[in-house]
Structure formats: C-alpha cells, structure tokens
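Examination of the molecular architecture
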Amino acid sequence: MAEDNLVHSHDANHPANLICELCKLFYSNGWVTGTGGGISVKDGDLIYLAPSGVQKERMVPDNMFVMDSKTKEYIRRPQIYKPSACTPLFMAAYDIRGAGACIHTHSQNAVMVSLLYEKEFKIANIEQIKALPRVTSQGYLGFYDTLTIPIIENTAHEEDLKDTLERAILDYPEATAVLVRRHGIYVWGESVWKAKVYNEAIDYLLELAIKMRQCGIAPDGAIGSEKGALRVE
Ligand SMILES: CSCCC(=O)C(=O)COP(=O)(O)O
Ligand SMILES: [Zn+2]
C-alpha cells in the first residue's frame with residue numbers, strides 16, 4: 001500500500017508503534033481484553049486508529065488506520081478491517097478538547113464504579129489525585145481537591161455513545177474522562193503520555209474507591225470522616 005510509510009517506522013515513539021506497545025501494556029492490566037477498548041493517537045493533522053474487533057494486544061503497525069483530522073477522510077485504510085467502533089468517541093475528545101490521544105478501557109474498576117454511582121464519581125483527599133489535570137486552568141489537582149468524573153448510560157453499539165459522550169464533555173469542562181455505565185471509561189490527554197498517566201491514576205482511584213466503600217468509607221468524605229468506619233483504637 002502506498003500509504004505504508006505512514007505506519008512503518010523504526011522510531012519507538014511513532015504513533016503506530018505506540019498504539020501496539022500501549023495496547024499490550026493495557027491488556028496485561030486487564031483493560032483491553034477480549035478485543036474491547038483501545039487507544040487512538042493524534043500526530044499533527046494525522047489521527048491513528050486501530051482496527052475493530054481484533055485482539056488488541058496482538059496488533060502490528062501495519063493494521064493501523066490513518067485519518068486526516070481536517071477532512072476526516074481515511075488516508076490509510078487496511079481493507080480487511082473496519083476502523084475501531086470507538087472512532088466517533090475518540091473524535092469527540094480531539095474535536096471538543098483538542099486532545100492528543102484518547103484511551104478507552106473496559107477496566108472492571110470503571111464498570112464497578114459505574115454501578116455504584118449514579119450521575120458522577122467523586123473522590124477527594126487522596127495523594128494520587130495530584131496526577132490529574134485541572135483542565136480549565138494550568139496545573140494539576142491538589143491533595144485537597146475533589147476529582148469528578150461524569151457517568152453516561154451505555155448503548156447497544158459503541159458508536160451510539162457519541163452524542164451523550166459529547167454532552168458530558170461539554171457539561172463537565174474540568175473532566176478528562178467519562179465513565180460509561182456497565183461498559184468502561186474514556187480518558188484523554190494533551191499527549192499520549194499524559195493520557196496514559198491520567199488513565200493509570202484514574203484507574204487507581206476507581207479501585208481505591210471501591211475498596212473504601214467496601215470498608216464503609218466515603219471516597220469523597222472529609223479527612224477524618226473514616227474514623228467512624230472501622231478503626232480499631
Ligand atoms: C467486546 S468489545 C465490544 C465493543 C466495544 O465495547 C469496544 O470497545 C470495541 O472497540 P473496537 O475498537 O474493537 O471496535
Ligand atoms: Zn468499549
């Protein structure tokens with residue numbers, strides 16, 4: 001294919017190589033098993049997308065789709081595959097937030113939290129929150145800040161999440177992620193590495209919140225509110 005030079009590179013940081021490397025890592029964390037989930041990367045005007053319905057940990061750069069972000073047309077399109085069903089959702093993060101990469105996982109922590117909370121997930125006063133951006137202003141959240149992630153309802157088909165995901169992105173300008181009930185999470189960032197770190201930090205906080213609730217501790221409670229829960233004096 002004439003456009004193969006768009007995905008063939010010896011540079012480990014080339015988007016086509018990064019998508020394959022990161023999907024292996026995400027697979028080992030249980031985030032993209034059974035073909036679900038994935039990652040898209042934007043490089044200048046080019047958007048790199050994985051194929052749909054494939055084992056994400058076994059992909060090679062040659063499998064990648066490349067879209068022109070301005071015309072929204074594919075300039076590389078492997079014939080034996082369809083592009084990821086997450087493409088319209090990744091586009092929402094690029095078009096509305098100017099993201100540099102967007103990750104979708106089927107993390108069980110994300111699914112579990114979506115079952116425990118109604119409209120939004122909140123957690124406060126935990127050190128790991130400091131890995132997450134303020135988004136509407138420079139810098140990162142502080143230890144005493146509250147992280148809020150909206151939750152949208154799932155749909156029968158991934159692409160049909162587009163309108164509600166876009167609504168949530170607009171309604172929660174400080175969010176860098178959206179949870180999808182009974183499904184997983186979308187996390188984006190200014191660059192591929194920031195998106196990766198945000199996704200890791202959020203998953204840590206989701207897992208922690210589940211454990212806190214199991215112990216009767218409110219994840220968004222004030223410091224000291226845990227004293228009534230379990231503490232043995
Ligand atoms: C078991 S995967 C169901 C579809 C889905 O939720 C998903 O994330 C698949 O994305 P793909 O990139 O394979 O179209
Ligand atoms: Zn999915």
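All values reported here derive from a predicted model rather than from experimental measurement. (Residues numbered from 1 in each chain as written. Chains lettered and ligands numbered in written order. Predicted model: local features only at pLDDT ≥ 70, side-chain atom pairs only at ≥ 80, totals over all residues. Heavy atoms only, no water.)

Whether parallel or antiparallel, the strands of a sheet pair through hydrogen bonds between backbone atoms. Read from one edge to the other, the open sheet built from nine strands follows the order E4-E3-E2-E1-E5-E9-E8-E7-E6, with strand pairing classed as mixed. Each of the sheet's edge strands pairs with one partner strand only, and the pair in question is strand E4 (74-76) and strand E6 (120-124). Sheet twist, expressed as the average angle between the axes of neighbouring strands with direction ignored, equals 20°. Across five bridges, the pairing between strand E5 (residues 101-105) and strand E9 (residues 184-189) is antiparallel. The residue of E9 that forms the bridge with alanine 101 is glycine 189. (Pairing = 2+ DSSP bridges. Helix = DSSP H or I, 4+ residues; strand = E, 2+ residues; numbered from the N terminus. Axes fitted to C-alpha atoms, helices over the stretch in contact; angles between N-to-C directions.)

A separate point is the domain arrangement of the chain. If you check the domain split of the chain, you get domain 1 (1-84) and domain 2 (87-233). Domain 1 and domain 2 are separated by 24 Å when their C-alpha centres are compared. Taken together, the 22 residues of domain 1 in the interface contact 20 residues of domain 2. Taken together, the two surfaces of domain 1 and domain 2 that pack against each other cover about 1,700 Å², and 66% of this comes from carbon and sulfur. Contact with domain 2 buries area across many residues of domain 1, yet Trp31, Ser40 and Lys42 alone supply 32% of it, more than any other trio. Put simply, aspartate 95 and lysine 72 hold a salt bridge, and the shortest N to O gap is 3.1 Å. Between the two partners, domain 1 and domain 2, sit nine residue pairs in polar contact (both at pLDDT 80 or more). Elements with a contribution of two residues or more to the side of domain 1 that touches domain 2: helix H1 (15-28), strand E1 (38-43) and strand E2 (46-49). (Domains from an automatic or database assignment. Contact = heavy atoms within 4.5 Å. Buried area = accessible area lost by both parts, 1.4 Å probe. Salt bridge = Lys/Arg side-chain N within 4 Å of Asp/Glu carboxyl O. Polar contact = N/O pair within 3.5 Å; in protein donor to acceptor, adjacent residues only side chain to side chain.)

The subject of this paragraph is the site of ligand 1. In the vicinity of ligand 1 lie 14 residues, with Ser52, Gly53, Lys56, Ser84 and Glu158 positioned nearest. One nitrogen or oxygen atom from the side chain of lysine 56 is found 2.7 Å from an oxygen atom belonging to ligand 1. Contacts to ligand 1 include histidine 104, whose side-chain N or O atom sits 3.2 Å from an oxygen atom. With the chains in place, 74% of the 400 Å² that ligand 1 exposes on its own is no longer accessible. For the shell around ligand 1, the class distribution of residues is two nonpolar, 10 polar and two charged. (Near = heavy atom within 4 Å. Areas by Shrake-Rupley, 256 points an atom, 1.4 Å probe, with all protein chains shown as cover. Nonpolar A, V, L, I, M, F, W, Y, C, P; charged D, E, K, R; others polar.)

A separate point is the coordination of the zinc ion (ligand 2). On the protein side, the zinc ion (ligand 2) has His104 (NE2), His106 (NE2), Glu158 (OE) and His183 (NE2) as donor atoms, found 2.1 to 2.5 Å from it. Here the zinc ion (ligand 2) is ringed by six donor atoms whose angles at the metal span 61 to 169°, and the overall shape comes out irregular. Along the chain, the residues that donate to the zinc ion (ligand 2) are spaced as H-x1-H-x51-E-x24-H. Placement of histidine 104 in strand E5 and of histidine 183 in the loop between strand E8 (177-180) and E9 is noted, with a sequence separation of 79 residues between them. The exposure class of histidine 183 is buried, given its relative accessible area of 11%. (Donors = N, O, S within 2.8 Å, 3.2 Å for Na, K, Ca; no water. Tetrahedral: all angles 85-135°; square planar, octahedral: opposite > 155°, others 65-115°. Buried < 20%, exposed > 50% of the residue type's maximum accessible area, 1.4 Å probe, protein only.)

Remark: helix H3 (residues 108-116) packs on helix H5 (residues 192-214), axes separated minimally by 9 Å, with the N-to-C direction vectors making an angle of 50°. The angle between H3 and H5 places the two elements in the oblique class. Note on packing geometry: the crossing formed by H3 with H5 is left-handed. Facing H3, whose interface residues are Asn109, Ala110, Met112, Val113 and Leu116, H5 presents Asp203, Leu206, Glu207, Ile210 and Arg213. (Parallel < 35°, antiparallel > 145°, perpendicular 65-115°, else oblique. Left-handed = near helix turned anticlockwise from the far one by under 90°.)

Moving on, we come to the environment of serine 9. In this fold, serine 9 is placed in the segment before H1. Distance from serine 9 to aspartate 45, taken between C-alpha atoms, is 18 Å for residues 36 residues apart in sequence. The contacts of serine 9, once residues within four sequence positions are left out, are His14 and Asn17. Here the side chain of serine 9 touches aspartate 11 through a polar contact of 2.9 Å, landing on its backbone nitrogen.

On to the packing of helix H2 (residues 87-97) against helix H4 (residues 162-171), then. Between H2 and H4, whose axes approach to 9 Å, the crossing angle comes to 30°. Classified by the angle their axes make, H2 and H4 are roughly parallel. In terms of crossing hand, the pair formed by H2 and H4 is right-handed. Packed against H2, whose contacting residues are Pro88, Leu89, Ala92, Ala93, Ile96 and Arg97, the element H4 presents Lys162, Leu165, Glu166, Ile169 and Leu170 at the interface. Residue composition of the contact of H2 with H4, grouped by class: eight nonpolar, no polar and three charged.

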